[in-house]
Amino acid sequence: MNNVYLGIKFALSYFTVLPIRFSHSDDLSHPKVLSSMLYALPLIGLFLSTVSIGLFTLLEPLQWLGAIIAAVAYMVMYGFIHTEAVIDVADALYAAHSGKDPYVIIKEPGVGAMGVLYGVSFLLLKIAALSTLLIHHLFLPFIALAMVSRVTLLVLIKHHDFRSSFVSKLHDSLSWRPLLFVIAFYCTAGFYLLSWQFFSLIFIGILSALILSALTKKSLGFINGDVLGMSLEGVELILILLVLLTWN
């Protein structure tokens, strides 16, 4: 039980900006801690989206400005960890096209011009899409897609092999049977939120994540944590647009 608790704390510390502390005796590399961290990921999406919605509710008299602030806050609360991956992957893709080693480029701390352009473009699209979602009071779909995007990470982590020691440990800590049980649990929760519409979100989300990761792997020759982050961001943007086109 302590490993489950540590896993949830690890998820909060790694995927949010919350100041979570650990003792020196905590073994965060234990497989059960790592699997618990991953299984808690959709709950992180639930938490972040709920806080963003609450902030928008307080700032709603500001109309679009309140929606923009809440949308930016959503990304700030996960420390732009996934958004940064969009920049790194864009740089690596252009490096691969020019004959350079994309793995060397993706690991460099610096940012190239193409990464900046793609990163800024994505930020504009994500903020505009999230703001529109909030301004139309599509709160339950927002919560659902924030959970779904993180469920897709679980599928990708188990499905792929990685050129990353940390993500490889995450891969090894997952087993298909408990993973399917966890996905079924979140599907049940999603059904409670959105009825049958949730299943279209999770189907399109997983399919989009698999396609994005496969195309990126084909271009780069590998998958690492940055590709996972880029896939999450891509899935969220796709699902937001889907919700706006079909729910609005």
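Below or above, wherever it landed, is the structure these notes cover. Because the structure is a prediction, the values reported are computed rather than measured.

1. Focus: the overall build of the chain
Link 1 in the chain: Along the backbone of the chain there are 12 helices and zero strands.
Link 2 in the chain: Listed by position from the N terminus, the elements making up the chain come as α-α-α-α-α-α-α-α-α-α-α-α.
Link 3 in the chain: Rg of the C-alpha trace for the chain: 18 Å, near the compact-globule value of 18 Å for 248 residues, within the 12% margin.
Link 4 in the chain: Taking the principal axes of the C-alpha coordinates as reference, the chain spans close to 50 × 50 × 35 Å.
Link 5 in the chain: In the chain, which comprises 248 residues, the share counted as buried stands at 49%.
Link 6 in the chain: Of all intrachain contacts in the chain linking residues separated by at least 6 positions in sequence, the fraction that spans at least 24 positions is 75%.
Link 7 in the chain: Here the chain has roughly 12000 Å² of accessible surface; of this, 69% comes from carbon and sulfur atoms.
Link 8 in the chain: The distance from the centre of the 13 positive side-chain charges to the centre of the 13 negative ones in the chain is 7 Å.

2. Observations concerning the pattern of salt bridges
Link 1 in the chain: Tallied over the full model, the rule gives three salt bridges.
Link 2 in the chain: We note a salt bridge from Lys 126 to Glu 233, for which the minimum N-O separation is 2.5 Å. Placement of Lys 126 in helix α7 (residues 113–135) and of Glu 233 in helix α12 (residues 225–246) is noted, with a sequence separation of 107 residues between them.
Link 3 in the chain: Owing to a relative accessible area of 0%, Lys 126 belongs among the buried residues under this scheme.
Link 4 in the chain: Residue Lys 126 is joined to Glu 236 by a salt bridge in which the shortest nitrogen-to-oxygen separation is 2.9 Å. Within this pair, whereas Lys 126 is found in helix α7, its partner Glu 236 is found in helix α12, the two being separated by 110 residues in sequence.
Link 5 in the chain: Judged by its relative accessible area of 0%, Glu 236 falls in the buried class.
Link 6 in the chain: Sharing partners across several salt bridges, the network here consists of Lys 126, Arg 150, Glu 233 and Glu 236.

3. Observations regarding the nonpolar core
Link 1 in the chain: Counting 75 residues, the largest nonpolar core has Leu 38, Tyr 74, Leu 133, Phe 142 and Ile 202 as its most contacted members.
Link 2 in the chain: Considering every element that reaches this core, the biggest residue donor is helix α8 (residues 139–159), with 13 residues.
Link 3 in the chain: Dropping the residues within four chain positions of it, Phe 142 is found in contact with Ser 49, Ser 52, Ile 53, Tyr 74, Leu 130, Leu 133 and Leu 134.

4. Here's the deal with the packing of helix α10 (residues 176–194) against helix α11 (residues 197–220)
Link 1 in the chain: Remark: α10 packs on α11, axes separated minimally by 7 Å, with the N-to-C direction vectors making an angle of 135 degrees. Considering the angle they form, α10 stands oblique to α11. Contacts between α10 and α11 pair Ile 183, Tyr 186, Cys 187, Gly 190, Phe 191 and Leu 194 from the former with Gln 197, Phe 198, Phe 199, Leu 201 and Ile 202 from the latter.
Link 2 in the chain: When its residues are assigned to classes, the contact of α10 with α11 shows nine nonpolar, two polar and no charged.

5. With respect to the packing of aromatic side chains
Link 1 in the chain: For the structure shown, the criterion picks out 15 aromatic pairs.
Link 2 in the chain: Arranged with centres 6.1 Å apart and planes meeting at 65 degrees, the rings of Phe 56 and Phe 139 form a pair that is edge-to-face. You can see Phe 56 sitting in helix α3 (residues 41–59) and its partner Phe 139 sitting in helix α8, a full 83 residues away along the chain.
Link 3 in the chain: Where Tyr 103 meets Phe 222, the ring centres are 5.2 Å apart and the plane angle is 85 degrees; that geometry is what we call edge-to-face. Residue Tyr 103 is found in helix α6 (residues 102–107), and its partner Phe 222 is found in the loop between α11 and α12; the two are separated by 119 residues along the sequence.
Link 4 in the chain: Connected via pairs of aromatic rings, a cluster forms that spans Phe 10, Tyr 14, Phe 15, Phe 22 and Phe 166.
Link 5 in the chain: One Lys or Arg, Arg 163, reaches over the ring of Tyr 103 and ends 3.9 Å from the middle of that ring.

6. Here we look at unusual backbone geometry
Apart from glycine, the bulk of residues carry a negative phi angle, and the bulk of peptide bonds sit in the trans form.
Link 1 in the chain: Despite not being glycine, Gln 63 has its phi angle at roughly 60 degrees, a positive value.
Link 2 in the chain: On the secondary structure map, Gln 63 appears in the loop between α3 and α4 (64–77).
Link 3 in the chain: A positive phi is found at His 137, a non-glycine position, where the angle reads about 60 degrees.
Link 4 in the chain: Structurally, His 137 can be placed in the loop between α7 and α8.

7. As for a nonpolar patch on the surface
Link 1 in the chain: Together, Val 111, Val 116, Val 120 and Leu 124 line one region of the surface with nonpolar side chains, adding up to about 350 Å² of accessible area.
Link 2 in the chain: Residue class for Val 120 comes out partly exposed when judged on its relative accessible area of 44%.

8. Considerations on the packing of α4 against α7
Link 1 in the chain: For the pair α4 and α7, the least separation of the axes is 8 Å and the interaxial angle reads 120 degrees. In terms of their interaxial angle, α4 and α7 are classed as oblique. Pair α4 / α7 crosses with right-handed handedness. For the pair formed by α4 and α7, the contact residues are Trp 64, Ala 67, Ile 68, Ala 70, Ala 71, Val 72, Tyr 74 and Met 75 on the first element and Leu 123, Lys 126, Ile 127, Leu 130, Ser 131, Thr 132, Leu 134 and Ile 135 on the second.
Link 2 in the chain: Partitioning the contact of α4 with α7 into residue classes produces 13 nonpolar, two polar and one charged.

What counts, and where the lines are drawn
Residues numbered from 1 in each chain as written. Predicted model: local features only at pLDDT ≥ 70, side-chain atom pairs only at ≥ 80, totals over all residues. Heavy atoms only, no water. Helix = DSSP H or I, 4+ residues; strand = E, 2+ residues; numbered from the N terminus. Rg over C-alpha atoms; globule rule 2.2 N^0.38 Å. Buried < 20%, exposed > 50% of the residue type's maximum accessible area, 1.4 Å probe, protein only. Contact = heavy atoms within 4.5 Å. Areas by Shrake-Rupley, 256 points an atom, 1.4 Å probe, with all protein chains shown as cover. Lys, Arg positive; Asp, Glu negative; His and termini not counted. Charge placed at Lys NZ, Arg CZ, Asp CG, Glu CD. Salt bridge = Lys/Arg side-chain N within 4 Å of Asp/Glu carboxyl O. Core = buried A, V, L, I, M, F, W, Y, C linked by side-chain atoms within 4.5 Å. Axes fitted to C-alpha atoms, helices over the stretch in contact; angles between N-to-C directions. Parallel < 35°, antiparallel > 145°, perpendicular 65-115°, else oblique. Nonpolar A, V, L, I, M, F, W, Y, C, P; charged D, E, K, R; others polar. Phe/Tyr/Trp six-rings, centres within 6.5 Å; stacked < 30°, edge-to-face > 60°. Lys NZ or Arg CZ within 6 Å of the ring centre and 35° of its normal. Patch = residues over 30% accessible without salt bridge, like charges linked within 9 Å, V, L, I, M, F, W, Y side chains within 5 Å. Left-handed = near helix turned anticlockwise from the far one by under 90°.

Fair warning: the whole summary comes from geometry, so function is off the table for now.
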